Amino acid sequence: MGMGQSGQRFSPLTKITSDNIGDLVPVWSFSFGDEKQRGQETQPLVYNGKMFVTGSYSRIWALDTKTGEKLWQYEARLPDGIMPCCDVVNRGAALYDNLVIFATLDAKLVALDQDTGKVVWSEKTDDYKAGYSATAAPLIVNGLVVTGNSGGEFGIVGRVDARDAKTGKLVWSRPTVEGNMGYLNGKENGITGKLNASWQGDQWKTGGAATWLGCTYGADVDLIFCGTGNPAPWNSHLRPGDNLYSSSTVAISPKTGKIVWHYQTTPHDGWDFDGVNEFIPFDLKSGGKTIKAGGKADRNGFFYVLDRTNGKLISASPFVTKQSWTKGVDLKTGRPIEADTRPGNPGSAEKGSTVFSAPSFLGGKNWMPMAYNQGTGLFYVPANEWGMDIWNEPITYKKGAAYLGAGFTIKPLYEDYIGALRAMDPATGKIVWEYKNPAPLWGGVMTTAGNLVFTGTPEGFLKAFDAKTGKEVWKFQTGSGVVGQPITWEEGGEQYVAVASGWGGAVPLWGGEVAKKVKSISQGGMLWVFKLHKSQTAAK
Ligand SMILES: O=C(O)c1cc(C(=O)O)c2c(n1)C(=O)C(=O)c1cc(C(=O)O)[nH]c1-2
Ligand SMILES: [Ca+2]
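Residues numbered from 1 in each chain as written. Chains lettered and ligands numbered in written order. Predicted model: local features only at pLDDT ≥ 70, side-chain atom pairs only at ≥ 80, totals over all residues.

1. What to know about the overall build of the chain
Inference 1: Each helix and strand counted, the chain has two helices and 40 strands in total.
Inference 2: By the compact-globule yardstick of 24 Å for 540 residues, the chain fits well, its C-alpha radius of gyration being 22 Å.
Inference 3: Taken along the three principal axes of its C-alpha coordinates, the chain extends 70 × 50 × 50 Å.
Inference 4: Contacts in the chain between residues far apart in sequence, at least 24 positions, make up 60% of those at least 6 positions apart. (Helix = DSSP H or I, 4+ residues; strand = E, 2+ residues; numbered from the N terminus. Rg over C-alpha atoms; globule rule 2.2 N^0.38 Å. Contact = placed C-beta atoms within 7 Å.)

Encoded structure:
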């Protein structure tokens, strides 16, 4: 995932540049079929002349990278009663040995033979009837396949699992809700003491903190970095305490499955800010020194830079214009200073008072991954500007039912745009350039050594920008909204770019007023591949 384990989404390829990109044209496209088209959030993988691309409803295809010809197709038979909170998406697969491995919405992990598409192993990872699902791309670390889980809106317990990539056999399983910490693989593991100090009573048993975006890996520090989602239920008055390790980044040792450090971005989250956003290792140049750092653009609107060796906060800078829930982050304690927009209520039978809060629960940034360019030293963050009216109401846990205790209406902040692609300098926390988009941005970002940044828009365009200046240098209309993750590779001396097109994800389901604004977007399911139309070997 992420064009490498660190998830930087940076390619060193330089054949396509900000100067010649005007010559980038489609070479082939592939249709995902005539029905079952929802959000196509996938990141394709290219290996050995084959492209592996997943689609909504847990489907995967192997395509010939030269011709686009379909080599094989696998479709999971999904049972009735699956409960993905936010569309039937899949964000991609992982490759190991001769296998291509991906998670299905009914909480299974399936490994297929890359040549034939035949199932080599298949493991049930969770009980979909209890609200568990899976949407993230797996991560491969030292022969382990590392996965997260989804279901924070149903009171599941978040977890990171590591399996033997060849056989699917479980090696370790690490819960991400304090209280469950005394267990590894469901057995007591000798960790004792006040395991649920940040929860009251039995609430940790349904505490959420789903690891629904999966993980990245820092090879030099040998740590797996996983974001954790919202604590359950959303109504924070029903679960006093910090609710560790919800809305955090946790660093896990691949050898033991132990949490080595954690940093909680939104303690006692009351806004569904989650904290799943990708943590990307990078080298921070500061005062003549190089610091082993990591960057994370959190749904709560802060761009965090942490020391990746120990989780210490280095800086927290806003990447959105309005954060009404906070007055900033205390750099000494690492904790946010809360403002007065925690939704009211109490455990009474009454609906609590409504407050306006920004960002909205769909976040200053949601699932769509940012990219880090090793040349410019900038992060490219797909941000959104919106707020919400939010209120709390009573709720009790029921297996397999939504566990929110909150209601909301999303509201745009500005007339002319919601989405904003922002180039952030991690050394200063300053926004270097921005591109504003009318509809919310919901696609992944990729950057290259050719001075380029790519991302898609709900309006249907794949766009490219000059990485230094932010000038839009190229666009292509794909026919549906782009919420996929662009990739690039070189083959036969030519550089290619690919992206999936197909509108969906959480915005059309939960966006309310905002969703209506982008309602005219056609549904789709297409893979587009591009290259320069003039042969680059012939060019001087
Ligand atoms: O807490 C969770 O388990 C969970 C899972 C997912 C998911 O797996 O897609 C989303 C969310 N939460 C969520 O809060 C959210 O805004 C969201 C947006 C999307 C999407 O793909 O557009 N998924 C999810
Ligand atoms: Ca969530």
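Having seen the structure, we can now continue with the description.
2. Quick look at the UniProt feature "active site" (unreviewed entry) in the chain
Inference 1: When the UniProt feature table is mapped onto this chain numbering, "active site" (unreviewed entry) sits at Asp 272.
Inference 2: Tracing the chain through its elements places Asp 272 in the loop between strand S20 (259–264) and strand S21 (280–286).
Inference 3: Contacts of Asp 272, omitting those with residues within four sequence positions, involve Asn 230, Trp 234 and Phe 361. (UniProt positions renumbered as here; feature names shortened; annotations may be inferred.)

3. Some details on the site of ligand 1
Inference 1: Lining the immediate environment of ligand 1, one finds 21 residues, of which Cys 86, Ser 150, Gly 152, Ala 210 and Gly 505 sit closest.
Inference 2: For the shell around ligand 1, the class distribution of residues is eight nonpolar, eight polar and five charged. (Near = placed C-beta within 6 Å. Nonpolar A, V, L, I, M, F, W, Y, C, P; charged D, E, K, R; others polar.)

4. Concerning the environment of Gly 287
Inference 1: Position of Gly 287 among the secondary structure elements: in the loop between S21 and strand S22 (289–297).
Inference 2: Put simply, Gly 287 and Ala 427 are 140 residues apart on the chain and 9.9 Å apart in space, counted from C-alpha to C-alpha.

5. Some remarks on the UniProt feature "binding site: Ca(2+)" (unreviewed entry) in the chain
Inference 1: The sites that UniProt annotates as "binding site: Ca(2+)" (unreviewed entry) are Glu 153, Asn 230 and Asp 272. A compact arrangement is adopted by the annotated residues: their sequence extent is 120 residues, whereas the largest C-alpha distance between any two is 9.2 Å.
Inference 2: Within the secondary structure layout, Asn 230 lies in the loop between strand S18 (223–227) and strand S19 (248–252).
Inference 3: The contact partners of Asn 230, leaving out residues within four places of it in the chain, are Gly 152, Gly 208, Ser 246, Ser 247, Asp 269, Asp 272, Phe 273 and Asp 274.

6. Some details on the sheet that holds strand S7 (residues 94–96)
Inference 1: Spatially, four strands are ordered S7-S8-S9-S10 in an open sheet, and the strand pairing comes out antiparallel. The open sheet has two free edges, formed respectively by S7 and strand S10 (119–124), since each of these has just one partner strand. For this sheet, the mean inter-axis angle between neighbouring strands, taken without regard to orientation, is 20°.
Inference 2: The pairing of S7 with strand S8 (residues 99–104) spans three bridges and is classified as antiparallel. Within S8, the residue paired with Leu 95 across the bridge is Val 100. (Pairing = 2+ DSSP bridges. Axes fitted to C-alpha atoms, helices over the stretch in contact; angles between N-to-C directions.)

7. Thoughts on the nonpolar core
Inside soluble globular proteins, nonpolar side chains tend to come together where they are buried.
Inference 1: Ala 93, Ile 101, Val 146, Ile 224, Tyr 380, Val 381 and Val 453 are the most contacted members of the largest nonpolar core, which has 151 residues in total.
Inference 2: Sequence-distant contacts of Ile 224, defined by excluding residues within four places in its chain, comprise Val 141, Val 146, Cys 215, Tyr 217, Ile 252 and Pro 254. (Core = buried A, V, L, I, M, F, W, Y, C linked by C-beta atoms within 7 Å. Buried ≥ 20, exposed ≤ 12 C-beta atoms within 10 Å, placed from the backbone.)

8. Considerations on the pairing of strand S40 (residues 526–532)
Inference 1: The buried fraction of S40 is high, at six of seven residues.
Inference 2: As defined by bridge partners, strand S39 (residues 494–501) adjoins S40 across six bridges and the pair is classed as antiparallel. Within the sheet, the bridge partner assigned to Tyr 496 lies in S40 and is Lys 531.

9. Let's talk about unusual backbone geometry
Inference 1: Of note, the amide linkage connecting Ala 232 to Pro 233 takes the cis form, showing an omega dihedral of -5°.
Inference 2: Within the element layout of this structure, Pro 233 appears in the loop between S18 and S19.
Inference 3: Cis geometry marks the peptide bond from Ala 358 to Pro 359, where omega comes out at 0°.
Inference 4: On the secondary structure map, Pro 359 appears in the loop between strand S27 (355–357) and strand S28 (371–372).
Inference 5: Positive phi, close to 65°, is recorded for Ala 107, a residue that is not glycine.
Inference 6: Mapping Ala 107 onto the fold places it in the loop between S8 and strand S9 (108–113).
Inference 7: Its identity is not glycine, yet Asp 272 carries a phi of approximately 55°, on the positive side.

10. Focus: the sheet that holds strand S31 (residues 406–412)
Inference 1: Reading across the sheet, the three strands line up as S27-S30-S31 and stay open at both edges, with antiparallel pairing between neighbours. A strand with exactly one partner marks an edge of an open sheet, and here the two such strands are S27 and S31. Strand after strand, the sheet turns through a mean of 25° between neighbouring axes, direction not considered.
Inference 2: In this structure, S27 lies alongside strand S30 (residues 386–392), joined through three bridges in antiparallel fashion. When the sheet's bridge partners are listed, Phe 356 is paired in S30 with Asp 389.

11. As for the pairing of strand S33 (residues 430–437)
Inference 1: Here strand S32 (residues 419–425) runs beside S33; their pairing, made up of seven bridges, is antiparallel. Residue pairing across strands places Arg 422 opposite Glu 434, the latter belonging to S33.

12. With respect to the environment of Val 483
Inference 1: When you line up the elements, Val 483 lands in the loop between strand S37 (472–477) and strand S38 (487–491).
Inference 2: Of the residues examined, Val 483 has 31 C-beta atoms within 10 Å and is grouped as buried.
Inference 3: Sequence-wise, Val 483 and Pro 458 are 25 residues apart; in three dimensions their C-alpha atoms are separated by 7.0 Å.
Inference 4: With near-sequence residues (within four places) excluded, Val 483 lies in contact with Gly 39, Gln 40, Glu 41, Trp 442, Gly 443, Gly 456, Trp 503, Gly 504 and Gly 505.

13. A look at the confidence of the model for the chain
Inference 1: Residues at a pLDDT of 70 or more form 95% of the chain, whose mean pLDDT is 94.
Inference 2: The low-confidence segment residues 536–540 (pLDDT under 50) makes four contacts with residues lying over four places distant or belonging to another chain.
Inference 3: Across the interfaces of the predicted complex, the ipTM metric reaches 0.99, alongside a pTM of 0.96. (pLDDT = per-residue confidence, 0-100.)

14. So, the environment of Lys 66
Inference 1: Assignment of secondary structure puts Lys 66 in the loop between strand S5 (59–64) and strand S6 (70–75).
Inference 2: Note on Lys 66: 14 C-beta atoms within 10 Å, which makes it partly exposed.
Inference 3: Considered as a pair, Lys 66 and Pro 318 are 252 residues apart in the sequence and their alpha carbons are 43 Å apart.

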